[in-house]
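Spelled out, the chains give:
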Amino acid sequence: MGALQTICRQLILYTSLRTVLVFTLVVMVIFMIFQTFRGKQRKNLPPGPWGLPILGCLPYLGRDAHVVLTRWAKTYGDVYSVRFGTVPVVVLNGFGVIKEALVKHGVDFAGRPDLFTFRTPHHRGLRYKGILVENYDRQLEERRHYTMRLFRVLGVGRTNLESAIFKSQLEVLMKDLTNTGGKAIDIFPILRDSVANITLGIIFGFRLVHNDPQYEGILDTVHKMYELNTKLNVVNFVPFLEKLPLPVLKEFDEVSTRLVLQVIAWFKGQENNKHVDSNHMKSFANWYKTDVLKYKQYEMDEKVTLKENDKKPALNDSIQANGQEKDVKLDSIFSENQIISVAIDLFMAGFETVTTTLRWGFLYMALHPEIQAKVQEEIDSNLGDQNPSITDKGALPYTEATIMEIQRLNYVLPLAVPHSTTTDVEFHDYTIPKDTMVLVNLWSVMTDPVCWPNPDKFDPQRHLNERGRTIRHDVFTPFSLGKRSCVGAALARMELFLFFTSLMQKFTFRLPDGASAPVFEEGTLASTFSPPYHQLCVVSRGPKT
Ligand code: HEM
């Protein structure tokens, strides 16, 4: 009986294994025929490396896709195509080609592809339109435009924002770091909390208290979103996986829904009272609620009774500028749903990038004590114990050059955010069909030995001229170029300068005794390119006077 059972089990196993094998083979053959057919249709795409059936070149990318893609440019040229899973992708490399595509052919390359991980609930079920992952159209341009203007109105790049938000957060951060007593720590959570709180302050007008379970909960949710984004990258390129009942897909749905609901709650102000920032300022959300809604009401009233001498309510300098308010279709830009979606995008894009850049920065300082000492010397001699302000930038060129070098080397968004073509584009003797995914390889620009001699060397000096002033090279493009360049660039520059300068003034960063330098090749490209796990000792420097 036992023998019979074993034979039956073997038979079932063998049959199902054989069925699976046959099924896989059939799928592969159909797929290859399909690919060949598609290949013919797309025969004027630039050439590139061959990939495997079904997976294309995905298995060759490893942990650091940007490094592999940059290497392929040496073989196939600055414009080439690859297949990721079933999706053809054009890769643009080098400053000349990238500038030509994003600036000269700006609108043609300004789309975003329809990727699974871009379709979080606010884009999927709730149909809100934000910025980051939306395809290009006139309304997106307007949302970008008013978001950037609003940042200026809120004081980004000016000292009033500095005193309203930065000071309070920097003080908390300094205290937390001082309390570590110079012991070896992972500075990531401490830094992340402070940068996230600044982003919250600007978007929602309040900050949360460190160690508050709600605060830690939402930051963990965002972190989880990033992790799942990385795990689910393969679904972007092998779309039939989306149809399978995989637990990770359900988890993605749950986590992104949680994030969206939290942001909606913040936006509607349900939770503000508990956590209001004492330095409360006008934020993105309450600007919308007051000025824009008032303006909308006025527009509606205007339709009913239009009186000659009525004066329009002051909407906001940002909208009244150029007297263009008549042309603005407010519903398309400022519907509450869309603003919520923009707020989610700003929150998501806003703090991970800045935190990761700072993490690389302090690690470099620990690895290059001579550069760290030079930065500190410049800060000490110009500011003493006085708090840094963005107005000090001009007086601290070496510090600024060091921040630029941190942004260049181990750049946090090496492939920017995926683009797509908005029309059929004739480019470099090829025809790139509408809706083709395009990767902008900014890493290839930041590490190009023609632009940056000895590119692997950490050398702030390359951003200074012979008079010691900072140079803005055209090829220095950390915020990308053209129609989809970073809308938070001014805020990011301000945050990086204030955080970096303030921490350099008060602390020295060191590797723990006996620890060896982390291997940079082990950085990880997930949503951003982050350093390998490491610990640092953050040692207080004491007063200067
Ligand atoms: C060191 C910090 C930062 C870096 C290096 C950075 C870099 C970038 C890059 C490379 C892109 C993609 C551009 C493209 O697709 O061509 C981008 C997009 C974007 N960034 Fe940033 N960013 C930073 C900080 C911020 C901050 C602080 C915010 C806002 C609070 C922000 C908001 C956005 C948004 C909304 C987009 C999407 C733009 C669009 O799709 O049109 N970023 N950023």
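Given the structure is predicted, the values throughout are model-derived calculations rather than measurements.

Brief notes about the packing of aromatic side chains
Evaluation of the coordinates by the stated rule reveals nine aromatic pairs. Considering the side-chain rings of F362 and F509, the 4.3 Å spacing of their centres and the 10° angle between planes classify their relative orientation as stacked. Placement of F362 in helix 14 (residues 336–367) and of F509 in strand 8 (residues 507–510) is noted, with a sequence separation of 147 residues between them. Both residues of the pair, F362 and F509, belong to the buried class. By the ring-pair criterion, three or more aromatic residues cluster together here, those being W360, Y364 and F458.

Some words on the site of the ligand
Of all residues adjacent to the ligand, which total 29 residues, the nearest are R112, R144, H419, S480 and C486. The contact in question runs from an oxygen atom of the ligand to an N or O atom on the backbone of L132, over 3.4 Å. Within the side chain of H419, an N or O atom sits 2.7 Å from an oxygen atom of the ligand. Secondary structure elements with two or more residues in the shell around the ligand: helix 14 and helix 18 (489–506). Of the residues forming the shell around the ligand, the biggest block, six residues, is contributed by helix 14. Per-class residue counts for the shell around the ligand are 17 nonpolar, eight polar and four charged.

What to know about the coordination of the iron atom of the ligand
Among all protein atoms, only C486 (SG) binds the iron atom of the ligand, sitting 2.3 Å from it. Checked against the element boundaries, C486 lands in the loop between helix 17 (442–446) and helix 18.

Digging into the environment of Q407
In this structure, Q407 sits in helix 16 (residues 397–408). Measuring from C-alpha to C-alpha, the distance between Q407 and V354 comes to 10.0 Å, with 53 residues separating the pair along the chain. If sequence neighbours within four positions are ignored, Q407 has contacts with T357, M446, F476, P478, F479 and L496.

Comments concerning the pattern of salt bridges
All chains considered together, the criterion is met by 12 salt bridges. The salt bridge involving E254 is made with K250; its shortest N-O contact spans 3.6 Å. Placement of the pair is E254 and K250 together in helix 9 (residues 247–267), with a separation of four residues, close to one helical turn. Measuring nitrogen to oxygen at the nearest pair gives 3.1 Å for the salt bridge that ties R472 to E400. Pair noted here: R472 is in the loop between helix 17 and helix 18 and E400 is in helix 16, with a separation of 72 residues, a long-range link. One network of salt bridges, with partners in common, ties together R192, D193 and D220.

Some details on the packing of helix 16 against helix 18
Closest axis-to-axis distance for the helix 16/helix 18 pair is 11 Å, and the angle between their directions is 115°. Classified by the angle their axes make, helix 16 and helix 18 are roughly perpendicular. Like other packed secondary-structure pairs, helix 16 and helix 18 cross with a definite hand, here right-handed. Side by side, helix 16 and helix 18 meet where T399, T402, I403, I406 and Q407 of the first sit next to L496, F497, F500 and T501 of the second. Here the residues of the contact of helix 16 with helix 18 sort into five nonpolar, four polar and no charged.

A look at the pairing of strand 11 (residues 536–540)
Residues in a regular strand project their side chains so that they alternate between the two faces of the sheet. Looking at chain direction, strand 3 (residues 184–185) and strand 11 are connected through two bridges and run antiparallel. Bridge pairing in strand 11 places A184 opposite C537. Pairing geometry for strand 8 and strand 11, over four bridges, is antiparallel. For F507, the partnering residue across the bridge sits in strand 11 and is S540.

With respect to the sheet that holds strand 3
Sheet strands pair via backbone hydrogen bonds, and the direction of the pair is either parallel or antiparallel. An order of 3-11-8 is seen for the three strands of this open sheet, with the pairing classed as antiparallel. Of all strands in the sheet, those with a lone pairing partner are strand 3 and strand 8, marking the two edges.

Brief notes about a nonpolar patch on the surface
A cluster of nonpolar side chains, contributed by L52, L55, Y60 and V234, occupies part of the molecular surface with about 310 Å² of accessible area. As for its placement among the helices and strands, V234 is situated in helix 8 (residues 233–237).

Examining the side chain of S389
Looking at where S389 falls in the secondary structure, it is placed in the loop between helix 15 (369–383) and helix 16. The class for S389 is buried, based on a relative accessible area of 11%. There is a polar contact of 2.8 Å between the side chain of S389 and the side chain of T391. Not counting chain neighbours up to four residues away, the residues in contact with S389 comprise T159, E162, F497 and L498.

Quick notes on the rules
- Residues numbered from 1 in each chain as written.
- Predicted model: local features only at pLDDT ≥ 70, side-chain atom pairs only at ≥ 80, totals over all residues.
- Heavy atoms only, no water.
- Phe/Tyr/Trp six-rings, centres within 6.5 Å; stacked < 30°, edge-to-face > 60°.
- Helix = DSSP H or I, 4+ residues; strand = E, 2+ residues; numbered from the N terminus.
- Buried < 20%, exposed > 50% of the residue type's maximum accessible area, 1.4 Å probe, protein only.
- Near = heavy atom within 4 Å.
- Polar contact = N/O pair within 3.5 Å; in protein donor to acceptor, adjacent residues only side chain to side chain.
- Nonpolar A, V, L, I, M, F, W, Y, C, P; charged D, E, K, R; others polar.
- Donors = N, O, S within 2.8 Å, 3.2 Å for Na, K, Ca; no water.
- Contact = heavy atoms within 4.5 Å.
- Salt bridge = Lys/Arg side-chain N within 4 Å of Asp/Glu carboxyl O.
- Axes fitted to C-alpha atoms, helices over the stretch in contact; angles between N-to-C directions.
- Parallel < 35°, antiparallel > 145°, perpendicular 65-115°, else oblique.
- Left-handed = near helix turned anticlockwise from the far one by under 90°.
- Pairing = 2+ DSSP bridges.
- Patch = residues over 30% accessible without salt bridge, like charges linked within 9 Å, V, L, I, M, F, W, Y side chains within 5 Å.
- Areas by Shrake-Rupley, 256 points an atom, 1.4 Å probe, with all protein chains shown as cover.

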